[in-house]
Amino acid sequence: MTNVPLRQIFYASLCGDPIDLDDILQQSRHNNAVDGITGLLWFNDGHFLQVLEGPADSVANAYARIAADRRHHDIRILSDRSVAAREFGYWSMERGSACADMGLRQRLARRLSDAPADIRAAFAASLAGD
Ligand SMILES: Cc1cc2nc3c(=O)[nH]c(=O)nc-3n(C[C@H](O)[C@H](O)[C@H](O)COP(=O)(O)O)c2cc1C
């Protein structure tokens, strides 16, 4: 297998009107499997955090679709970088529930340490694993 660098985009956004999370999850799982994208979508109290990683073109296309989606707004990219290997090599959707795995929470909390204060505050309690 050739070792093509992967692109990883990490963003936060605000959820608008009541939305159907299951619908988003279903759409995402389907498309991302086809596109070779893995990552994570974390939802808490009106805020989304998402990691998308995979082939650079696929991630760029997926992000362009997602950024144009009116089901959320105020999208802010927190990091956009090349990674040698997938850091979130599976796909899941979390709601900040107590059953989420602690390693995952810690990884997200670390990645959030450079994020703006309002975004960190929105996820602080759910990532602490109380
Ligand atoms: C918070 C949020 C996260 C999303 N994540 C993804 C995703 O990871 N992959 C994806 O293909 N679509 C995602 N979507 C949906 C896209 O914005 C878009 O509706 C969808 O990709 C269109 O797919 P379709 O052309 O197959 O209908 C997300 C939407 C929202 C609001």
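The notes below deal with the structure included here. Each residue is numbered by its place in its chain's sequence as written, counting from 1. In view of the model being predicted, local features appear only for residues whose pLDDT reaches at least 70, and side-chain atom pairs are presented and counted only at 80 or more, with totals across whole chains, interfaces and linings using the full set of residues. Each side-chain value is derived from all of the structure's non-hydrogen atoms; neither hydrogens nor water enter the calculation.

**Let's talk about the sheet that holds strand β3 (residues 47-55)**
Next up, step 1: The mixed open sheet is built from 5 strands, whose spatial order is β4-β1-β3-β2-β5. Each having just a single partner strand, β4 (72-83) and β5 (91-94) make up the two edges of the open sheet. The mean inter-strand angle of the sheet, taken between neighbouring strand axes irrespective of direction, is 10°.
Next up, step 2: As judged from the 4 bridges shared by strand β2 (residues 38-44) and β5, these two strands associate in the parallel manner. Note that in β5 the partner of Leu41 across the bridge is Met93. Paired strands, in this sense, are two strands between which DSSP finds at least two bridges. Numbering of helices and strands runs from the N terminus, with a helix taken as a DSSP run of H or I at least four residues long and a strand as a DSSP run of E at least two residues long. Axis definition: a line fit to C-alpha positions, over the contact stretch in the case of helices; interaxial angles, taken between N-to-C directions, run 0 to 180 degrees.

**Observations regarding the pattern of salt bridges**
Next up, step 1: For this document, the term salt bridge refers to a Lys or Arg side-chain nitrogen within 4 Å of an Asp or Glu carboxyl oxygen. Tallying each qualifying case throughout the model produces 7 salt bridges.
Next up, step 2: Of the charged contacts in the structure, one is a salt bridge between Arg71 and Asp23, with a shortest N-O distance of 3.6 Å. With a gap of 48 residues between them, Arg71 in the loop between α2 (56-67) and β4 and Asp23 in helix α1 (residues 21-35) connect regions that are remote in the sequence.
Next up, step 3: Partly exposed residues are those whose accessible area sits between 20% and 50% of the maximum for their type, while under 20% is buried and over 50% is exposed, using a 1.4 Å probe and protein chains only. Look at Arg71 and you get partly exposed, because its relative accessible area is 25%.

**Re the nonpolar core**
Next up, step 1: Buried Ala, Val, Leu, Ile, Met, Phe, Trp, Tyr and Cys residues that are joined via side-chain atoms within 4.5 Å together make up what is termed a nonpolar core. With 15 residues, the main nonpolar core has Trp42, Leu49, Leu108, Leu112, Ile119 and Phe123 as its most contacted residues.
Next up, step 2: Sorting elements by how many residues they give to this core places helix α4 (residues 117-128) first, with 4 residues.
Next up, step 3: Two residues qualify as a contact provided that any one of their heavy atoms is within 4.5 Å of a heavy atom in the partner residue. Beyond its immediate chain neighbours, meaning those up to four positions away, Leu49 contacts Phe10, Tyr11, Ala12, Leu40, Leu41, Trp42, Leu78, Leu108, Leu112, Ile119 and Phe123.
Next up, step 4: Residues Leu25, Phe43, Phe48 and Met93 belong to the second largest nonpolar core, which totals 9 residues.

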